[in-house]
Structures are given as C-alpha cells and as structure tokens.
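Commentary on secondary and tertiary structure
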Amino acid sequence: IYCDQLVKHIKHWDENRDICHPVVFADGDSLLASDTNLYDVIFMDIQLGEKSGLRMSKALRDKGCNVPIVSVTNHNGYGIDGCNAQVNGYLLKPVSYTDVAAYLDEALDRVKRSSFHFTYKEEHYFLDFQDISYFASAGHYTTIHMVDGAKHTVRMALKAIAPGLPGQVAVP
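Quick caveat, the model's predicted, so the values are computed rather than measured.

Two descriptors summarise a pair of aromatic rings, namely the distance from one centre to the other and the angle between the planes of the rings. Taken as a whole and assessed by the stated rule, the structure comprises two aromatic pairs. Seen from their ring centres, Phe25 and Tyr39 are 6.1 Å apart, and the 80° between their planes marks the pair as edge-to-face. Residue Phe25 is found in the loop between helix H1 (2-14) and helix H2 (28-33), and its partner Tyr39 is found in the loop between H2 and strand E1 (42-45); the two are separated by 14 residues along the sequence. Judged by relative accessible area, Tyr39 falls into the partly exposed class, the value being 22%. Arranged with centres 5.5 Å apart and planes meeting at 85°, the rings of Phe116 and Phe135 form a pair that is edge-to-face. Of this pair, Phe116 sits in strand E6 (residues 115-120) while Phe135 sits in strand E8 (residues 132-138); the two residues are 19 residues apart in sequence, bridging distant segments of the chain.

Structure representation (structure tokens):
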C-alpha cells in the first residue's frame, strides 16, 4: 500500500517535468544487484522482510553507491541506526506528497548542479559534467563529445548552451 502511495506521489510530482521513471524492486537484493548509480534518489522501506532496509542501505554504501537514500518507516526511532547506514533522510508512513516532493526537488537540484541538462526534440538529457570531454560548435549545431567517445549533436548554438554550464567552463 505504501509503495503504491509513494509511486503515486512521485508521478504526481513529475506530471509537468516528465523526467522521472520510478523503478520498484521486489526486495533489497534485487536493488543491490542493480546499477544503483543510475538512480537520483532511492526510497527504501526499513522493513524489507528478512533483511532490514538499514542493512541494505549499509550494503549499498559498501558497494560504492553514492545516491541519496531516504528511509521509509512507521517509527521515529531509527536515528542512530540510520546514521550508521548512511541514509540521507526519513519519511514517516503514510508518506505525504509534500515530503516526497521535497526530496525529489533536492535530488533534481543535485542532478542539475552536477550535469549538463537540456531538452532536444522533446527528450530530456542529463549528461554528467565528468563524462563530457568538450563541446564543438558549427553554425547552429553543437556536438557534445563524451569521455567514452560517444557524441551527441543537437541543433543549438553554443551560446544557447553556455548558460547551462558551470562557471569554471570558458565559452568564447
């Protein structure tokens, strides 16, 4: 019930953004086996059956996952355990839209600070700055060259892209 409510709140928050794709895992082991760094925030129930969500959060951190983890719980008393598991926040059940939206807003702000984001042909793109090698511009087109050799060409002049770049990037 609470998982459905959480997903409903996430979809409501995303109605005018169209950037979220909630993924629900059947258990913590399935999440642990996935590439968790693809996600921008993880909402994890503390009660996951045999394994606790806090134990799974600790396992995610030990695996190198640096995605914010928000614990979802019925109880207030998990503060010390949450610190040990390195969770980033708590939501009390039943979760409210306002609380979920606050964590999603924070996650979106974090993504925007660490990535180049743009919309092209009604698709949203978020490219980590650390994965971008350089930008090349010719006329009204800009090609974004990635560290892995991939290229993304968009019909946008470099001067239109420049405001979305961090201050340390020089644009002539």
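Attention now goes to the sheet that holds E1. With parallel pairing, three strands are arranged side by side in an open sheet as E1-E4-E5. Every interior strand has two partners, whereas the edge strands, E1 and strand E5 (89-92), have only one. Strand-to-strand twist in this sheet, taken as the mean axis angle between neighbours without regard to direction, amounts to 30°. Bridge count between strand E4 (residues 69-73) and E5: four bridges; the pairing is parallel. Its bridge partner lying in E5, Val72 is registered against Leu91. In this fold helix H5 (residues 97-114) packs onto E1, E4 and E5, with an angle of close to 160° to the strand it touches most, E5.

Before going further, it helps to examine the sheet that holds strand E10 (residues 151-154). Strand order in this open sheet of three strands is E8-E9-E10, and the pairing throughout is antiparallel. Single-partner strands in this sheet number two, and they are E8 and E10. Averaged over all pairs of adjacent strands, the angle between their axes in this sheet comes to 15°, without regard to strand direction. Direction of pairing for E8 relative to strand E9 (residues 141-146): antiparallel, over a ladder of six bridges.

Oppositely charged side chains may form a pair once their charged atoms are brought near each other. Scanning all chains against the criterion turns up three salt bridges. A salt bridge links Lys93 to Asp45, with the shortest nitrogen-to-oxygen separation between them at 2.6 Å. Of this pair, Lys93 sits in the loop between E5 and H5 while Asp45 sits in strand E1, and the two are 48 residues apart along the sequence. A salt bridge links Asp62 to Lys58; its shortest N-O distance comes to 2.9 Å. Here the residue Asp62 and the residue Lys58 both occupy positions in helix H3 (residues 53-62), the gap between them amounting to four residues, near one helical turn.

Here is what the cut-offs are and how they apply
Residues numbered from 1 in each chain as written. Predicted model: local features only at pLDDT ≥ 70, side-chain atom pairs only at ≥ 80, totals over all residues. Heavy atoms only, no water. Phe/Tyr/Trp six-rings, centres within 6.5 Å; stacked < 30°, edge-to-face > 60°. Helix = DSSP H or I, 4+ residues; strand = E, 2+ residues; numbered from the N terminus. Buried < 20%, exposed > 50% of the residue type's maximum accessible area, 1.4 Å probe, protein only. Pairing = 2+ DSSP bridges. Axes fitted to C-alpha atoms, helices over the stretch in contact; angles between N-to-C directions. Contact = heavy atoms within 4.5 Å. Salt bridge = Lys/Arg side-chain N within 4 Å of Asp/Glu carboxyl O.

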